[in-house]
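Observations on the model geometry
Here is how the chains run, residue by residue.
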Amino acid sequence: MASLKELKIRIGSVKSTQKITKAKQMVAAAKLRKAQAAAEAARPYSSRLEAVVASLASKIAGGAGEGASPLLAGTGKDEVHLLVVANSDRGLAGAFNANIVKAALAKARALGLDGKKVQFYLIGRKGRPVINRAYPGKIVAQYDTTGAKQPGYDQAQAIGQELSKMFLDGKFDVAHLFYSRFKSALAQIPTEQQIIPVKIPADADRNAIPATVEYEPSEEAILDDLLPRNISIQLFKALLENNASEQGASMTAMDNATRNAGDLISKLTIQYNRSRQAAITTELVEIISGAEAL
């Protein structure tokens, strides 16, 4: 059984931890409001741009006509899949990072069963150890985000350009993006999105802009400009969603940690008081026994 001194030291230690978790919860809550607003503001633009690209692509012989951009038409193969996994650089966010990695690994296993080759491109550093253990040597590149306090379009553009170059150099055939879509502080949804080549929805023809519209320059020229931008925008949206999800998960995790610390302090305090009371009772019994002996 722990001594009174040990219990007192442990209670002090847990109280110090509780102060840290409470402070981190308040910081995450303050950051969450701004991050949530940014993520929600990016959704309409990214969705509309995706719809415009799909509409234009549907006019070019199903998106794979002669002269179509490789970012739209693809390589003609489906052998090598690049999984772009967006994680954070910090922990203490509950299962936020683990859920994204879990979704990516599940996709990798499914592709492996279909006889496809799998490679990984990492954004952030938290998912690297788990992925490297499961698929050693399959991480082909990593984008360092440690110096960035907030996700910016410049980061997304740099990642998009690097991915496009890798694709045009024949390093992979299909790229899938994994991130966490923000729903609330309590719920973040691991999401997969194919970003290269652009996936055209089955109903793109029905939702397409009427054929009477004339484009200047041509649809191909417009798509050549929009496709790289669309990749950057989808990546930027994913980074914003991840940031909001991370803050929400961090706030929830730190709130739970603060509550658990409070419960532990209560239990240790009761144990301390009982031990102290037992020690006092023992001393009184010894004093009374000594007095009676006299």
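Here's a quick rundown of the structure. These figures come from a predicted structure and were not determined experimentally.

Turning our eyes to something else, we now look at the pairing of strand 4 (residues 174–182). Among the nine residues that make up strand 4, eight are buried, leaving the element largely enclosed by the rest of the structure. Pairing between strand 1 (residues 80–86) and strand 4: five bridges, direction parallel. In the strand pairing of strand 4, Leu 83 is matched with His 176. When strand 4 meets strand 5 (residues 188–196), the two strands line up antiparallel, connected through eight bridges. Bridge pairing in strand 5 places Ala 175 opposite Ile 196. Joining the antiparallel neighbours strand 4 and strand 5 is a turn of five residues.

The next thing to look at is the pattern of salt bridges. Throughout the structure, instances matching the rule amount to seven salt bridges. A salt bridge links Lys 116 to Asp 78; the nearest nitrogen and oxygen atoms lie 3.5 Å apart. Taken together, the positions of Lys 116 in the loop between helix 3 (96–113) and strand 2 (117–123) and Asp 78 in the loop between helix 2 (70–73) and strand 1 put the pair 38 residues apart, joining distant regions of the chain. When its relative accessible area of 24% is taken as the criterion, Lys 116 is described as partly exposed.

Let us look at the sheet that holds strand 2. Taken together, the five strands give an open sheet; going across it, the order is 3-2-1-4-5, and neighbouring strands pair in mixed fashion. Both outer strands of the open sheet, strand 3 (139–143) and strand 5, are each paired with one neighbouring strand and no more. Going across the sheet, the axis of each strand differs from the next one's by a mean of 25 degrees, ignoring polarity. Across seven bridges, the pairing between strand 1 and strand 2 is parallel.

Before going further, it helps to examine the nonpolar core. Soluble, globular proteins show a tendency: their nonpolar side chains are buried together. Grouped together as the largest cluster of nonpolar side chains are 44 residues, with contacts concentrated most on Leu 82, Tyr 121, Ile 123, Leu 163, Phe 172, Ile 196 and Leu 235. Considering every element that reaches this core, the biggest residue donor is helix 7 (residues 219–293), with eleven residues. Not counting chain neighbours up to four residues away, the residues in contact with Ile 196 comprise Leu 71, Leu 163, Ser 164, Phe 167, Phe 172, Asp 173, Val 174, Ala 175 and Ile 231. Listed in part, the 18 residues of the second largest apolar core include Leu 83, Val 85, Val 101 and Ala 104.

Okay, the side chain of Gln 25 next. You can see Gln 25 is positioned in helix 1 (residues 4–59). Looking at Gln 25, the relative accessible area reads 14%, which means it is buried.

With that settled, the discussion passes to the packing of aromatic side chains. In total, this model carries three aromatic pairs according to the counting rule given. Ring geometry for Phe 167 and Phe 172: centres 5.6 Å apart, planes at 45 degrees, overall tilted. Comparing Phe 167 with Phe 172 shows no difference in burial state: the two are buried.

To continue, consider helix 3. The terminal C-alpha atoms of helix 3 lie 27 Å apart, and with 18 residues this matches the ideal 26 Å at 1.5 Å per residue to within 8%. Every buried residue belonging to helix 3 is among Phe 96, Asn 97, Ile 100, Val 101, Ala 104, Leu 105, Ala 108 and Leu 111, and all of these are buried. Mapping the buried residues of helix 3 onto a view down its axis gives an arc of 155 degrees, with all of them on the same face. Exposed side chains of helix 3 directed beyond 90 degrees from the buried face belong to Lys 102 and Leu 113. Just downstream of helix 3 lies Gly 115, where phi reads positive at about 85 degrees.

With 56 residues, helix 1 should reach 82 Å at 1.5 Å per residue; the first-to-last C-alpha distance of 79 Å fits that figure. Along its length, helix 1 shows its largest kink, about 30 degrees, at Leu 32.

It is worth spelling out the environment of Val 14 at this point. Of note, Val 14 is situated in helix 1. Relative accessible area serves as the criterion here: at 10%, Val 14 is assigned to the buried category. For the pair formed by Val 14 and Ala 261, sequence separation is 247 residues and the distance between their alpha carbons is 6.3 Å. When sequence neighbours within four positions are dropped, the list of residues in contact with Val 14 reads Ala 261, Leu 264, Ile 265 and Leu 268.

Cut-offs used in this document
All residue numbers refer to positions counted from 1 along the written sequence of the respective chain. Residue-level local features of this predicted model are given only where pLDDT is at least 70; pairs of side-chain atoms are given and counted only at 80 or more, and the full residue set underlies all totals for whole chains, interfaces and linings. To obtain the side-chain values, all non-hydrogen atoms of the structure were used and water was disregarded. Exposure classes here rest on a 1.4 Å probe applied to the protein chains alone. A residue is buried below 20% of its type maximum, exposed above 50%, and partly exposed in between. Here a strand is any run of E in DSSP of at least two residues, a helix any run of H or I of at least four, and the numbering for each starts at the N terminus. Between any two strands, pairing holds if DSSP finds at least two bridges. The salt bridge definition used is simple: a Lys or Arg side-chain nitrogen within 4 Å of an Asp or Glu carboxyl oxygen. To define axes, lines are fitted to C-alpha atoms, for helices over the stretch in contact only, and angles between the resulting N-to-C directions are given on a 0 to 180 degree scale. We call a set of buried residues a nonpolar core when its members are Ala, Val, Leu, Ile, Met, Phe, Trp, Tyr or Cys and they connect through side-chain atoms within 4.5 Å of each other. Here, residues are in contact when the closest pair of their heavy atoms is within 4.5 Å. Each aromatic pair joins two rings of Phe, Tyr and Trp (for Trp, the six-membered one) with centres within 6.5 Å, and gets the label stacked for planes under 30 degrees apart, edge-to-face for over 60, and tilted for any other angle. The span you would expect from a helix comes to 1.5 Å times its residue count less one. The reported arc concerns the directions from the helix axis to the C-beta atoms and nothing else. To obtain the bend at a residue, axes are fitted to the seven residues ending there and to the seven starting there, and the angle between these axes is taken.

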